[in-house]
Amino acid sequence: MNLEDYKMPFPKQIKKNIDLIPNKVGLARRKEMLQEIEQDGTFLPKSVLHADLDRGFLDFVKDKLGFSVEGKQVPVVDIIVTTQNWAQFTQTYKFQDLDKNASPPFVTVVRSHDMKYGSYPSTVYTIPERRQFFYAYVPSFDGQRTTVDVYQIPQPIPIDIKYTLKFICNRVREINQLNKVVLERFSSRQAYTKVKGHYIPIKWDNVSDESVMEIEKRKYYIISYEFTLVGFLIDEDEFVIKPGITRNLQLLEATGGKARRQPRKPPFNTDKFYENVLFLPGTTILSDKFSEKVNLKLISSYNISNYEIWINNLYYGSNSNYIQVNSGDSVRFEVTKKDDNLESKLSFQNILV
Amino acid sequence: MASNKVPITRLGKFFGESDFDLELEMGKEWLHGDMNFTCVLYKIDRYRTNTDDVYGETVQDGIKFHPPIEFKAYVKIIGTENKFLGTSKIEQLEPGTMQLSIYIKDLEMMGVDIEYGDYIGYYENENRVRYYTVSNDGRVTSDNKHNYGGYKPYYRTIMCAPVTNNEFRGL
């Protein structure tokens, strides 16, 4: 059965090329990326240094920004040209003219050597003092016992490297061709290159026209694309491998002597506190001298039928639920018990005024 | 349309047409006989050359030209310049421009004109020819330098810039 037999269009979501091995997603993809980082190496990631990032950018230009003109691939000078002049020749001899000059069109990459602390979002200004972090437990055998080594690495150092891609040509259609490729590649703001298993983002900053258009000299176009590689450095010299703990000996040392007294806790609320006036059997009169100015609020009474209050030997009242006391006052309670053989109690809440 | 000709009578007291022609012949004898700088003119065939509709450019080896014409001129080539290609770090030895001085009468006798954009080949040795494009065809010859003592224009100074192989290589 064919969809065209039924005059039906293909669904928009149809995939014409189906991967035989389905792409991994989620945790499985993260594990796969970790394997790529550790591939062909030890349990530790490999160093990512300046030269690796430069190589990554050159590969990106060659593979992702490559294009052809009139059926021929536009050559890329596949090195960062330095002060040693001979190196330029090794890369340009395939497209030289009779004067041994590089013949346009071709692409070359210039790196700015003023590299600054980077802006890689997950590593910038987070962990101070180059602290080492656990990376992996790796089994080892010391000749007697099977144990583990603990691999630790510090946080990678972010670095921003600015590159300028120079396209030298002498036809406008060639300019258009490269511009199309760059726009398509950077339609999502950034593109990625892969350096030793790590995905390193590249941002496109600017494009400028530096064409040489002197009227009585050779004319050619130079289109300059500026990129920033938002990378990070991992230096394997900073890695730490140390043996893991194989035996754990715990010692407890105890000394005799008097137990240390616990510090006294402050009252929960210093404005209010409670006071009980306890009349033992046979006792019906008690007096107390107050050093603060408080209001006594009767909360409860026990085994008391009647009580009288005297302040500074002056009668204050009987059965009062609320008593105002000044600092230095002497308060006397005289109670009449219901049962003289039992103790009696008056409970007050003292409120500091 | 017949063109009116006005006889040039200036400087007539001590210089005239016959003197001018004599001096010119002597100069040509020097240029053709003694100097004998030979150049090749490739005039562009604008009808057979396929150009881009928008930019007017051709693909490599796409320029068609009329049969090449040899001519004699006094050739001066400016010195080379060792420099970077723009702001790239690619060094190159930029060939110098070429200055041609050619008698107007020679061009008239050959029945050709050298125009802006034409290509000129100059053999540097038996095996090697360098191609230039005309960047200034020296058509305006009103200045005193190009007039023989103020009598009449007699030569043109043509400036040419070198071209790369992917623009023109005489095939």
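Residues numbered from 1 in each chain as written. Chains lettered and ligands numbered in written order. Predicted model: local features only at pLDDT ≥ 70, side-chain atom pairs only at ≥ 80, totals over all residues. Heavy atoms only, no water.

## Comments concerning the nonpolar core
Residues and elements named next belong to chain A. The line we're drawing: As used in this record, nonpolar core signifies buried Ala, Val, Leu, Ile, Met, Phe, Trp, Tyr and Cys residues forming a set joined through side-chain atoms within 4.5 Å. Relative accessibility decides the category of a residue: with a 1.4 Å probe and only protein chains considered, values under 20% of the type maximum give buried, values over 50% give exposed, and everything between is partly exposed. Numbering of helices and strands runs from the N terminus; a helix is a DSSP stretch of H or I covering at least four residues, while a strand is a stretch of E covering at least two. Contacts are assigned to residue pairs with any non-hydrogen atoms lying within 4.5 Å of each other.
Of all hydrophobic cores here, the largest spans 45 residues; its most connected members are Leu53, Val61, Leu65, Leu165, Phe186 and Phe227. Tallying contributions element by element places strand 10 (residues 221-233) first for this core, with 7 residues. If near-sequence neighbours (up to four positions away) are discounted, Phe227 is found in contact with Phe57, Leu65, Ile161, Lys162, Tyr163, Leu165, Val182, Phe186, Ile202, Lys203, Trp204 and Asp205.

## As for the interface of chain B and chain A
Just so we agree on the cut-off: When two parts are brought into contact, each loses some accessible area as probed by a 1.4 Å sphere; the total of that loss over both is the buried area. What counts as a salt bridge is simple: a side-chain nitrogen of Lys or Arg found within 4 Å of a carboxyl oxygen of Asp or Glu. We define a polar contact as two N or O atoms separated by no more than 3.5 Å, with the added condition that, inside protein, one atom must be a possible hydrogen donor and the other a possible acceptor, whereas residues neighbouring each other in sequence contribute only through side-chain atom pairs. Each residue gets one label: Ala, Val, Leu, Ile, Met, Phe, Trp, Tyr, Cys and Pro are nonpolar, Asp, Glu, Lys and Arg are charged, and the others, such as Gly, are polar.
Contacts between chain B and chain A engage 33 residues on the former and 32 residues on the latter. Summed over both partners, the interface of chain B with chain A comes to about 2,900 Å²; 43% of that surface belongs to carbon and sulfur atoms. Inspection of the region where chain B meets chain A yields 5 salt bridges. The residue Asp52(B) makes a salt bridge to Arg173(A) at a minimum N-O spacing of 2.0 Å. Taken together, the connections running from chain B to chain A amount to 18 residue pairs in polar contact (both at pLDDT 80 or more). Of the residues forming the side of chain B that touches chain A, the biggest block, 4 residues, is contributed by strand 5 (residues 91-94) of chain B. Residue classes in the side of chain B that touches chain A are distributed as 11 nonpolar, 12 polar and 10 charged.

## With respect to the packing of aromatic side chains
The criterion, for reference: Within 6.5 Å between ring centres, the rings of Phe, Tyr and Trp (the latter by its six-membered ring) count as paired, and their orientation is classed by plane angle as stacked under 30 degrees, edge-to-face over 60, tilted in between.
By the definition in use, this model includes 29 aromatic pairs over all chains. Among the aromatic residues, ring-to-ring pairing joins Phe57(A), Phe60(A), Tyr163(A), Phe186(A), Trp204(A), Tyr225(A) and Phe227(A) into one connected group.

## So, the side chain of Asn303(A)
With respect to the helices and strands, Asn303(A) occurs in the loop between strand 14 (294-302) and strand 15 (304-311). In contact with Asn303(A), other than residues within four places in its own chain, are Lys337(A), Lys338(A), Asp339(A), Leu342(A), Glu343(A) and Ser344(A).

## With respect to the pairing of strand 19 (residues 344-352) of chain A
Residues and elements named next belong to chain A. Where we set the bar: A strand pair is defined by DSSP finding two or more bridges across the two strands.
Pairing between strand 12 (residues 272-279) and strand 19: 8 bridges, direction antiparallel. Bridged to Leu278 within strand 19 is Lys345. Where strand 14 lies against strand 19, 8 bridges are found, and the strand directions are antiparallel. When the bridges of strand 19 are listed, Asn295 appears paired with Ile351.

## Focus: helix 2 (residues 50-64) of chain A
Going by this rule: For a helix, the expected span equals 1.5 Å multiplied by the number of residues minus one.
Compared with an ideal rise of 1.5 Å per residue, which puts 15 residues at 21 Å, helix 2 of chain A spans 20 Å between its outermost C-alpha atoms and is within 8% of the ideal. All of the buried residues along helix 2 of chain A are Leu53(A), Asp54(A), Gly56(A), Phe57(A), Leu58(A), Phe60(A) and Val61(A).

## Thoughts on the sheet that holds strand 6 (residues 146-154) of chain A
Residue and element names in this part refer to chain A. Operational definition: Axis definition: a line fitted to C-alpha atoms, limited for helices to the stretch in contact. Angles are taken between N-to-C directions and run from 0 to 180 degrees.
With respect to topology, 3 strands assemble into an open sheet ordered 5-6-11, the strand pairing being antiparallel. Across the chains shown, the open sheet's two edge strands, defined by having one partner strand only, are strand 5 (132-141) and strand 11 (240-243). Averaged over all pairs of adjacent strands, the angle between strand axes in this sheet comes to 25 degrees, irrespective of strand direction.

## A closer look at the sheet that holds strand 13 (residues 285-289) of chain A
Residues and elements named next belong to chain A. Strand order in this open sheet of 4 strands is 13-18-15-16, and the pairing throughout is antiparallel. Strands with a single pairing partner mark the edges of an open sheet, and in this sheet they are strand 13 and strand 16 (314-318). Between one strand and the next, the sheet's axes are offset by a mean angle of 25 degrees, whatever the strand orientation. Of the pairings in the sheet, the one linking strand 13 to strand 18 (residues 330-337) comprises 5 bridges and is antiparallel in character. For Ile285, the partnering residue across the bridge sits in strand 18 and is Glu334.

## Some thoughts on the pattern of salt bridges
Applying the stated criterion across every chain yields a total of 31 salt bridges over all chains. For Asp99(A), the salt bridge goes to Arg130(B), with nearest N and O atoms at 2.6 Å. Note that Asp99(A) is positioned in the loop between helix 3 (86-92) and strand 3 (106-111) and Arg130(B) in strand 8 (residues 129-136), a pairing that runs across two chains. Given the relative accessible area of 13%, Arg130(B) is considered buried.

## Points about a nonpolar patch on the surface
Counted only if it meets this: Like-charged residues within 9 Å of one another, or nonpolar side chains (Val, Leu, Ile, Met, Phe, Trp, Tyr) within 5 Å, are grouped into patches, provided each residue has over 30% relative accessible area and no salt bridge. Residue exposure ignores everything except the shown protein chains as possible cover, and the areas themselves are Shrake-Rupley values with a 1.4 Å probe.
There is a patch of nonpolar side chains on the surface, built from Phe134(A), Tyr137(A) and Val148(A) and spanning about 310 Å² of accessible area. Here Tyr137(A) is to be found in strand 5.

## Comments concerning the pairing of strand 9 (residues 155-162) of chain B
Residues and elements named next belong to chain B. Of all 8 residues making up strand 9, 8 are buried, and the element is well covered by its neighbours. Going residue by residue along strand 9, you find Tyr155, Thr157, Met159 and Ala161 tucked away on one face and Arg156, Ile158, Cys160 and Pro162 tucked away on the opposite face as well. Inspection of the sheet shows strand 6 (residues 98-103) paired to strand 9 by 6 bridges, in the antiparallel sense. Residue pairing for strand 9: Met98 is matched across the bridge by Cys160. Here 4 bridges tie strand 8 to strand 9, and the two strands are oriented antiparallel to one another. Residue pairing for strand 9: Val134 is matched across the bridge by Cys160.

## Considerations on the confidence of the model for chain A
This is how it is decided: For every residue, the predictor reports its confidence as pLDDT, a number between 0 and 100.
In the predicted model, chain A carries a mean pLDDT of 86, and 95% of its residues have values of at least 70. Averaged pLDDT values over the elements of chain A bottom out at 77 in helix 3 of chain A and peak at 95 in helix 2 of chain A.

## Here we look at the confidence of the model for chain B
Looking at chain B, pLDDT values average 90 and 99% of them are 70 or higher. If you check the scores for this complex, the pTM reads 0.69 and the ipTM reads 0.82.

## A look at unusual backbone geometry
The linkage connecting Pro104(A) with the following residue, Pro105(A), adopts the cis geometry, with an omega of 5 degrees. Inspection of the secondary structure assignment puts Pro105(A) in the loop between helix 3 and strand 3. A positive phi angle, close to 60 degrees, is found at Leu11(B), a residue other than glycine. Inspection of the secondary structure puts Leu11(B) in the segment before helix 1 (17-35).

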